[in-house]
Structure formats: C-alpha cells, structure tokens
Amino acid sequence: MLPLHANAATKLEDLFQHIDAHQDDFVQSLKDWVAVPSDSSDPRFREQLIRMVQMTAERIRTLGATVQLVDMGLETLHGGQTIQFPPAILAQLGNSTDKATVCFYGHVDVQPAKKEDGWKTDPYTITEINGNLYGRGATDNKGPVLAWIHAIDTYIALQKTIPVNLKFIIEGVEETGSPGLEELLKGHEEFFSDVDYIVISDNVWLSRKPALTYGTRGNAYFFVEVESGKKDLHSGTFGGIIHESMRDLVYLLASLADTAGHILIPGIYDDVAPLTEEESKLYESIDFDMEEHKNNTEVNTFLYNTKEEILQHMWRYPSLSIHGIEGAFAGVGTKTVIPSKVIGKFSIRQVPNMKIPVVEKLVKKHLEDVFAKLNSPNKLKVSLEIGAMPWVANVDDPQYEAARTAIRKVFGVTPDMIRDGSTIPLARTFQDLTKKKVIMIPIGGADDGEHSQNEKISRSNYIQGTKLFASFFLELAKLHEDLQKKSNSNQVKISQRIRSQT
Ligand SMILES: C[C@H](N)C(=O)N[C@@H](Cc1c[nH]cn1)C(=O)O
Ligand SMILES: [Zn+2]
Ligand SMILES: [Zn+2]
C-alpha cells in the first residue's frame, strides 16, 4: 500500500478524474462480487455466502484497515436443523482524534435469483446492456458497498489524506432481517464510542433525481402454518373426505387484507401516527412522476390515483404483502396432490408509531379467531420471524447538509428528501442503541428493480455514486472542522465566564 501524504490538498477534480479513469476496474470488481451467489435465504448457498463475507473482509483489509470477522454462531432453521451464520465484519481505518469518524453499514447477502424466474441474463453474471449493469446484488447492496470502498481507494491511489476516520460494519443476513446483529452491536459498544455518523447506502432514488433518504418502514414478517397430517395425499382418493390444510391456509391468508390493500386485522391501524397538516404539505411539494413510476414498476394501475396518496402509502402507512406458500405445489404440470403441511408467508411493513409486540398479538389473535370459525381439526401455528422497526431521521442534522453539498458538487442539483417503503432492519437499532446520527445516501436509480428479476445498477449511478462518497468525505471533514471550532470557541467563552466569576 502507498504511504499517505498528510498535507496534500485534495482537489475534487483529481478524485473524479481518477474514478472516471478506473471505472472499468470498478465494474470488474462488481462482476467478481456478483458472481458469488450469496443468497442468505436459502441454506444451500451458505458456503457461498460465507465466502462472500470473507472476500469482502479481504478487500477491506487491502485498504489498510484493521478487520475483525465476528463469529455469529448458529442459525436454527424452521425445521430445527442448524447451520453456521455468516460472520459479520467490523473494521477500522484511521483513528486521528482531529477527524470525524464515519461508520459505513452495508450487506453483501442477496435475495434469491434463478434464471428461470424470468431473468433476461444470468443473475450471477454482470451483463452490461445500454449502460446498465444487470445482476443480483448489483444495486442491493454489493454495488454501493463497492462504491464506498472505491471512494476510499481513490484517496489511497492518489496518495491523498483520507479526510475522515472510517469504520465498517458489513453483514451477510440483512435480507433475512439481520438476526443476531442487534446482540453484536450490544456486545461491541466500544466500537461506536468514537463514531460520529453512520452512513447507509441501501436504497434507491425516487426518480431520476438524486435523493437523500430520511425514513424507512420496518417489517413484521409472519409464518402461518397449517398441518393436516404427516404425508401428502392423492386428491382423487382422499379429496372430499378430509380437511385440507391448503384450503384452510388460503382462507386465512384471504382474511388479512382486502383487494384495495386495506389491512383487515382489527386494531392494526390504531397506533399509526396521524397525518399532520405540515407533513401533508411535504408530499405536495415532492417532484414525483406517477407515470414514470408505473413504467418502472411495469403494472397498469396503482391502488391510488394521486401522487400524495401514493407517496403516503409507500412511506407512512403500513402495507401487508403475501409472499408465498412453502409446501404447496408450485411447479409446472398438473400434480394432483393434497399437501399435508403448508406455511403461508406474509409481512406487514411497519410505520411510526406501530409496535412490533402489539402487531404480533393482533395478528395472532386475528388468525386464531378466523381459524376457530373454520371448525377445522388441523393444527395452526403462527410465528413472527422478523420484527424490524421503522426509522426516521432529522433532516436538519448536519450530516444531511454535508451530503446535500456533496450531491450538488457531483450532480449539480439539490437532492430530493425522501423516505423509503422498504426496511433496513438495523437502521433504528443504530439510532436507538448507539445514539449516533444515521444518514442514508442512496446511489441506486428508481428503476433498479431490487429483489426483482433483472436487478441492475446503471454504470453512471455506480461511478457517480463513487464520486459522491469521495466528495462526502471532504464535506464531512469541513463540517467537523466547523463544529470543532464552534465547540472550542464555546469552551473559551465558558472558561472566561468561570474565571470572571472567581
Ligand atoms: C432496503 C434493503 N435493501 C432491503 O431490501 N431490505 C429488506 C430487509 C428485510 C425486511 N424484512 C425482511 N428483510 C426489505 O426491505 O425487504
Ligand atoms: Zn439491501
Ligand atoms: Zn434487499
């Protein structure tokens, strides 16, 4: 590694030029990372997921950082078997007392992806088409994690002083709700003692315009299991004489929400923060093209007709989605089986001021009440698998101002201030537990298709995003200097006052 010149003044143009000149190398790194199917939902990929975390640790080590791989123990699967959790990465680069310390949080696990799900290209081979880099994890979240690393690498390659101290928390189970991570944070409180800001880049913009995210919804993810017996049965031989588990389950799932998206679980909306007039105005002022959003989503119609309603229902109201049924026949052909045990999977996105234990109680009560009316002898089991709280930040916090300035310098525009309907399970935990200021700086585009077929990040967003992070380091350093000056001058005033009183 090259030595860092302490006093070399950093010109933004030099950094930007270096990033532009090395963009093909940066794309190659993304290719290497996307090639690892680090799917955290499917235990069959566990070895690959662990390899991905190790590769990431190695890459962070090449920056000159001190890297710790923390063992996260065993994961107990729904059937009772156990497998190794991937380790988590805690790393540190620089510890100057006169610099701000920024902790970057990201994840290198991905959602499942199979070519036959409808991908146009192999999900684990980055394929560039019309300036877009297609591949699972390209935007969620391998691209942004690499962009952050490349921004640091740029300072190192140009032998410039990195303007801030850097810390990293990188994990491999974000997509399954970050199990065990809260305990990890609780056990490493000292890691956060000198951290000033926590940065997350795991969302996308709302439109073509760059954005900063100040809120995310939480998620309460449930399994509802119905079991009729120990083995599947022939529907010709047994159909008509048994209580079918699938029929019960479909009835239960249908009772959760109506076709207009309204959740039918009694009491579920009771704690939702009321919409104030001030907040209402906020939605009116956001520049949002519903037609473009519809095109990105590839649906004909939304549930709501106005921009305000759409934004509110994405960001500040709960929503219930049914994700799938484990154990049900889902293949091609016309299998005529009656499944014995089926597990319905659904989740409710959480908003302020909903509380997970209350939601859990309401959901269980509702499903038990509905099931009781079926007079079914089958066994019902409802379990909360993930409970992640919503997160909202104060947009007047200084790190938002630094990020706004950095965005102006890279993109020449003032960013949209947005919320996001999806969940970063650890965002609220960071805020509550560490009491540090959290900011989300998305670099992905509105049409990136996270979790969907043909997920991508554009080459432009990936490279401009790298510049944004490099520029953000400088803005944070300036901010820190200003804050320190202010605090020193306040200290002088206090000392003078004490002296004059004695
Ligand atoms: C926003 C982030 N990139 C993401 O996709 N998060 C997941 C996390 C989650 C929530 N419940 C289960 N996993 C998401 O919002 O779905
Ligand atoms: Zn993500
Ligand atoms: Zn995701």
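Everything numeric here is computed off the predicted structure, so don't read it as measured data. (Residues numbered from 1 in each chain as written. Chains lettered and ligands numbered in written order. Predicted model: local features only at pLDDT ≥ 70, side-chain atom pairs only at ≥ 80, totals over all residues. Heavy atoms only, no water.)

### Here's the deal with the UniProt feature "binding site: Mn(2+) 1" (unreviewed entry) in the protein chain
We apply this condition: UniProt positions are given in the numbering used here, feature names are shortened, and annotations may be inferred rather than shown by experiment. Only DSSP runs of H or I with at least four residues qualify as helices, and only runs of E with at least two residues qualify as strands; both kinds are numbered from the N terminus onward. Note on definitions: a residue-residue contact is assigned when non-hydrogen atoms from the two residues lie within 4.5 Å. Contacts described as polar in this section are N or O atom pairs within 3.5 Å, which, within protein, must combine one atom able to donate a hydrogen with one able to accept it, while residues neighboring in sequence count only if both atoms come from side chains. Residue burial is assigned from relative accessible area. The probe radius is 1.4 Å, only protein chains are included, and a residue is buried under 20% of its type maximum, exposed over 50%, and partly exposed in between.
If you check UniProt for "binding site: Mn(2+) 1" (unreviewed entry), the listed places come out as D140, E175 and H451 in our numbering. In summary, the annotated positions, though distributed over 312 residues, converge in three dimensions, the widest C-alpha pair being only 9.6 Å. Looking at the element boundaries, D140 is found in helix α4 (residues 138-157). Setting aside chain neighbours within four positions, we find D140 in contact with H107, D109, V110, E175, D202, E450, H451 and E455. For D140, the side chain forms a polar contact with the side chain of H107, separated by 3.0 Å. Turning to its location among the elements, E175 is positioned in the loop between β8 (165-171) and α5 (181-187). For E175, a relative accessible area of 13% puts it in the buried group. Not counting the four nearest positions on each side in its chain, E175 is found in contact with S40, H107, D109, V110, Q111, D140 and H451.

### Let's talk about the domain arrangement of the protein chain
Here is the rule we go by: An automatic or database domain assignment supplies the start and end points of every domain. Two parts lose some accessible area (1.4 Å probe) when they are put together, and adding that loss for both gives the buried area. Salt bridges are defined by distance alone: a side-chain nitrogen of Lys or Arg within 4 Å of a carboxyl oxygen of Asp or Glu. All amino acids are sorted into three groups, where Ala, Val, Leu, Ile, Met, Phe, Trp, Tyr, Cys and Pro are nonpolar, Asp, Glu, Lys and Arg are charged, and the leftover types, Gly among them, are polar.
Annotation of the protein chain at the domain level lists domain 1 (8-216 + 391-485), domain 2 (219-272 + 317-388) and domain 3 (274-308). Using only C-alpha atoms to locate each centre, domain 1 and domain 3 end up separated by 27 Å. If you look at the interface, domain 1 gives eight residues, while domain 3 gives nine residues. Carbon and sulfur atoms supply 50% of the area that domain 1 and domain 3 bury against each other, a total of about 640 Å² over both sides. For R208, the salt bridge is made with E292, and the minimal N-O distance between the two is 2.7 Å. Summed over the shared surface of domain 1 and domain 3, the number is one residue pair in polar contact (both at pLDDT 80 or more). Examining the composition of the side of domain 1 that touches domain 3, we find that three residues originate from one element, strand β18 (residues 416-420), more than from any other. In terms of residue class, the side of domain 1 that touches domain 3 is made up of four nonpolar, no polar and four charged.

### Quick notes on the coordination of the zinc ion (ligand 2)
What counts is decided by this rule: Only nitrogen, oxygen and sulfur atoms within 2.8 Å of the metal, or 3.2 Å for Na, K and Ca, are treated as donors, and water is left out, so sites may look incomplete.
Listed as protein donors to the zinc ion (ligand 2) are H107 (NE2), D140 (OD), D202 (OD) and D202 (OD); their distances from the metal cover 2.0 to 2.3 Å. For the zinc ion (ligand 2), the single-chain donor residues occur in sequence as H-x32-D-x61-D. Here the zinc ion (ligand 2) and the zinc ion (ligand 3) are spaced 3.4 Å apart, and both take D140 as a donor. Placement of the pair is H107 in strand β5 (residues 101-107) and D140 in helix α4, with a sequence separation of 33 residues. Residue classification places D140 among the buried positions, given a relative accessible area of 8%.

### A closer look at the sheet that holds strand β16 (residues 379-388)
Worth spelling out the cut-off: Two strands qualify as a pair provided DSSP detects at least 2 bridges between them. Here the axes come from fitting lines to C-alpha atoms, over the contacting stretch only for helices, and the angles between their N-to-C directions go from 0 to 180 degrees.
Ordered in space as β13-β15-β11-β16, the four strands form an open sheet in which the pairing is antiparallel. The sheet terminates laterally at β13 (319-326) and β16, the two strands that pair on one side only. Pairwise comparison of adjacent strand axes, ignoring direction, gives a mean angle of 20 degrees for this sheet. Bridge count for strand β11 (residues 218-227) against β16 is nine bridges, and the pairing is antiparallel. Looking at the pairing, F222 lines up with L384 of β16. Sheet strands touched by helix α11 (residues 356-373): β11, β15 (341-350) and β16. Its angle to β16, the strand with the most contacts, is close to 160 degrees.

### Describing the nonpolar core
Heads up, the rule is: Here the nonpolar core consists of buried residues drawn from Ala, Val, Leu, Ile, Met, Phe, Trp, Tyr and Cys, with membership extended through side-chain atoms lying within 4.5 Å.
Counting 90 residues, the largest nonpolar core has W148, I152, F168, F430, Y462 and F472 as its most contacted members. Not counting residues up to four positions away in its chain, the partners in contact with Y462 are F26, V27, L30, L133, G143, L146, A147, H150 and I457. Core analysis: the second largest hydrophobic core is formed by 27 residues, L249, I265, M354 and V382 among them.

### Some thoughts on the site of ligand 1
Note the threshold: For each residue, the test is whether any non-hydrogen atom lies within 4 Å of the molecule or strand; if one does, the residue is near.
Taken together, D140, E174, E175, D202, N219, R349, I386, S422, T423, I424 and H451 make up the full set of residues adjacent to ligand 1. E174 places a side-chain nitrogen or oxygen 3.1 Å from a nitrogen atom of ligand 1. Between a nitrogen atom of ligand 1 and a main-chain N or O atom of E175, the distance comes to 3.3 Å. Taken together, domain 1 (8-216 + 391-485) and domain 2 (219-272 + 317-388) each give at least three residues to the shell around ligand 1, which thus spans both.

### Here's the deal with the packing of aromatic side chains
Rules: Aromatic pairing here means that ring centres of Phe, Tyr or Trp (its six-membered ring) are within 6.5 Å. Orientation follows from the plane angle: under 30 degrees is stacked, over 60 is edge-to-face, and everything else is tilted.
Enumeration according to the criterion identifies 12 aromatic pairs in this entry. Ring geometry for W205 and F411: centres 5.6 Å apart, planes at 85 degrees, overall edge-to-face. Here W205 is found in the loop between β9 (197-200) and β10 (211-216), whereas its partner F411 is found in helix α12 (residues 398-411), with 206 residues between them in sequence. Classification of W205 by relative accessible area gives buried; the value is 8%. On the accessibility criterion, F411 (24% relative accessible area) is partly exposed. Joined through ring pairs, the aromatic side chains of F104, W148, Y155, F469 and F473 make up one cluster.

### A closer look at the sheet that holds strand β7 (residues 132-134)
What the three strands build is an open sheet, ordered β6-β7-β20; its pairing is antiparallel. At either margin of the open sheet sits one strand with a lone partner, and together these are β6 (127-129) and β20 (456-458). For this sheet the average axis-to-axis angle between neighbouring strands, irrespective of direction, equals 25 degrees. Note: β7 against β20, three bridges, orientation antiparallel. Among the inter-strand pairings, Y134 is bridged to a residue of β20, identified as K456. Where helix α14 (residues 459-501) meets the sheet, it contacts β6, β7 and β20, and its direction lies at approximately 65 degrees from that of β20.

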